[in-house]
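What the coordinates show
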Amino acid sequence: MAEPIHVLDDYYLAITLLVTIAYQLVFFSIAFYFKFDKVTDFAGGTNFAVLAMLTLGLSRSPDARQIVASTFVAAWALRLAGFLLYRVARTGRDARFDGTRDRFFPFLGFWVFQMVWVWAVSLPAVVLNSPAVRAYAGQRPFGSTGRDVAGVVLFAVGLVMESVSDVQRFVFRSRNTDGAAVCDRGFFYWSRHPNYFGEILIHFAIYMICVSPAADGPVGGQAFKALYATIVGPFFLTILLLFVSGLPLSERPAAKKRYEAGGRTWEAYRRYLDRTSILVPFPPQLYERLPTVVKRTLFLEFPMYVFDPAKHSDAAGDEREQRRRSGDALTDNV
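Everything in this summary refers to the structure shown in the same document.

**Details of the nonpolar core**
Counting 39 residues, the largest nonpolar core has Phe48, Trp76, Trp117, Phe155, Ile206 and Leu279 as the members making the most contacts within it. The set of elements that each furnish at least two residues to this core consists of helix 2 (40-58), helix 3 (64-91), helix 4 (104-121), helix 5 (123-128), helix 7 (146-175), helix 8 (194-215) and helix 10 (232-243). Looking at this core element by element, the count peaks at 10 residues for helix 3. Dropping the residues within four chain positions of it, Trp117 is found in contact with Gly44, Phe48, Trp76, Glu199, Phe236, Leu237 and Leu240. Listed in part, the 10 residues of the second largest apolar core include Phe188, Ala255, Trp266 and Tyr269.

The structure is reproduced here in structure tokens:
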């Protein structure tokens, strides 16, 4: 068996970081110079595939576990990058960058964050492919543990859920251009964000496959610690979706839009919020009956996502201001 190629360190951390920085800066330069939104998500997605295939190639004689894990990463990444490229090509622009694509440092800040996202979430497969882990002979073959089987099943479930729900929402929005209609069909019947849940499943599944040489095999020492430490990847992704770029950017804005549309639009959406789990798929008939404390804890519907018309609606703020002015006018007349 050919020895893995050593590049900078025994875990491929430095080379993958440098490749990620260079890859993202190239696409950032294109996007900033041409004010071109179409390459942003494509650069993020394809970067995962580059790191997985690069480290797989550097390992020189990969085993089945490495091939499966790296292929899973690449398959997920290329599917996501292709879908997002198609979506932005259809819509023409990415509204996230309105107000920043002309400003160098704010726009660069997004790309730096994307570098961190790609590098951190890629860690399980990168470390699995590294010389430090490959140095341990006698690793159990892929598929010989329950963890491997569970990882493959969870990856398949997550990929189907993310892929299908992306298409379902895209088709729904294409047919309902007013933006106020509620997508409550398919996976969205069970969860308000099934695509995010699927993505989280995917990366925990890949981690389960990658950590097996330490959990069930001969890998020890610093390599043992390194493999377990790569759980930072799926946890970083989960935190990102829960608290930074996923749910916080969609929950309140979506509710606010429907509330200010008024009438049946808001009533229908409020009913959807009450009966549909925010992330974890769950039967709506049961979710609707759960106590609020259970929804806010076990089902992750934290107060930061909840829309309060009195606090978060521009219409409510305008109404308060109008009442204040009316009160001032009455006082002046007394």
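Following the structure, the description resumes.
**Topic: helix 1 (residues 13-34)**
Helix length check: helix 1 (22 residues) gives 32 Å between terminal C-alpha atoms against 32 Å at 1.5 Å per residue, within 8%. Those residues of helix 1 hidden inside the fold are in contact with helix 2, helix 4 and helix 5. The positive-phi residue at the C-terminal boundary of helix 1 is Lys35, with phi of around 50 degrees.

**As for a nonpolar patch on the surface**
Where nonpolar side chains cluster on the molecular surface, the patch consists of Phe113, Phe235, Ile239, Phe243, Val244 and Met304 and spans about 520 Å² of accessible area. Sorting elements by how many residues they give to the nonpolar patch places helix 10 first, with three residues. For Ile239, the location among the structural elements is in helix 10. Taking the relative accessible area as the measure of exposure, Ile239 reaches 47% and is therefore partly exposed.

**Observations regarding empty space enclosed by the protein**
The final tally for this structure, using the stated rule, is two cavities of 30 Å³ or more. Of the volumes computed, that of the largest cavity is approximately 30 Å³. In this structure, the largest cavity is lined by Arg65, Gln139, Arg140, Ser212, Pro213 and Gly217. Partitioned by chemical class, the residues of the lining of the largest cavity number one nonpolar, three polar and two charged. Together, Val73, Val121, Ser122, Pro124, Ala125, His203 and Ile206 line the second largest cavity. Mapped by element, the contributors of at least two residues to the lining of the second largest cavity are helix 5 and helix 8. Looking at side-chain class alone, the lining of the second largest cavity contains five nonpolar, two polar and no charged residues.

**Structural notes on the pattern of salt bridges**
Across all of its chains, the model carries 11 salt bridges by this definition. When the shortest N-O distance is used, the salt bridge between Arg134 and Asp63 registers 3.0 Å. Within this pair, whereas Arg134 is found in helix 6 (residues 131-134), its partner Asp63 is found in the loop between helix 2 and helix 3, the two being separated by 71 residues in sequence.

**A word on helix 10**
When the terminal C-alpha atoms of helix 10 are compared, their 16 Å separation across 12 residues agrees well with the 16 Å that a helix rising 1.5 Å per residue should span. Turning to helix 10, its buried residues number three or more, namely Gly233, Pro234, Leu237, Thr238, Leu240, Leu241 and Leu242. Looking at the packing, one finds that the buried side of helix 10 touches helix 4, helix 5 and helix 8.

Cut-offs applied
Residues numbered from 1 in each chain as written. Predicted model: local features only at pLDDT ≥ 70, side-chain atom pairs only at ≥ 80, totals over all residues. Heavy atoms only, no water. Core = buried A, V, L, I, M, F, W, Y, C linked by side-chain atoms within 4.5 Å. Buried < 20%, exposed > 50% of the residue type's maximum accessible area, 1.4 Å probe, protein only. Helix = DSSP H or I, 4+ residues; strand = E, 2+ residues; numbered from the N terminus. Contact = heavy atoms within 4.5 Å. Expected span 1.5 Å × (residues − 1). Patch = residues over 30% accessible without salt bridge, like charges linked within 9 Å, V, L, I, M, F, W, Y side chains within 5 Å. Areas by Shrake-Rupley, 256 points an atom, 1.4 Å probe, with all protein chains shown as cover. Salt bridge = Lys/Arg side-chain N within 4 Å of Asp/Glu carboxyl O. 1 Å grid on protein atoms, 1.4 Å probe; cavity = no way out; pocket = protein on both sides within 12 Å on 5 of 7 lines; lining within 4 Å. Points joined across faces, edges and corners; volume = space filled by probe spheres on them. Nonpolar A, V, L, I, M, F, W, Y, C, P; charged D, E, K, R; others polar.

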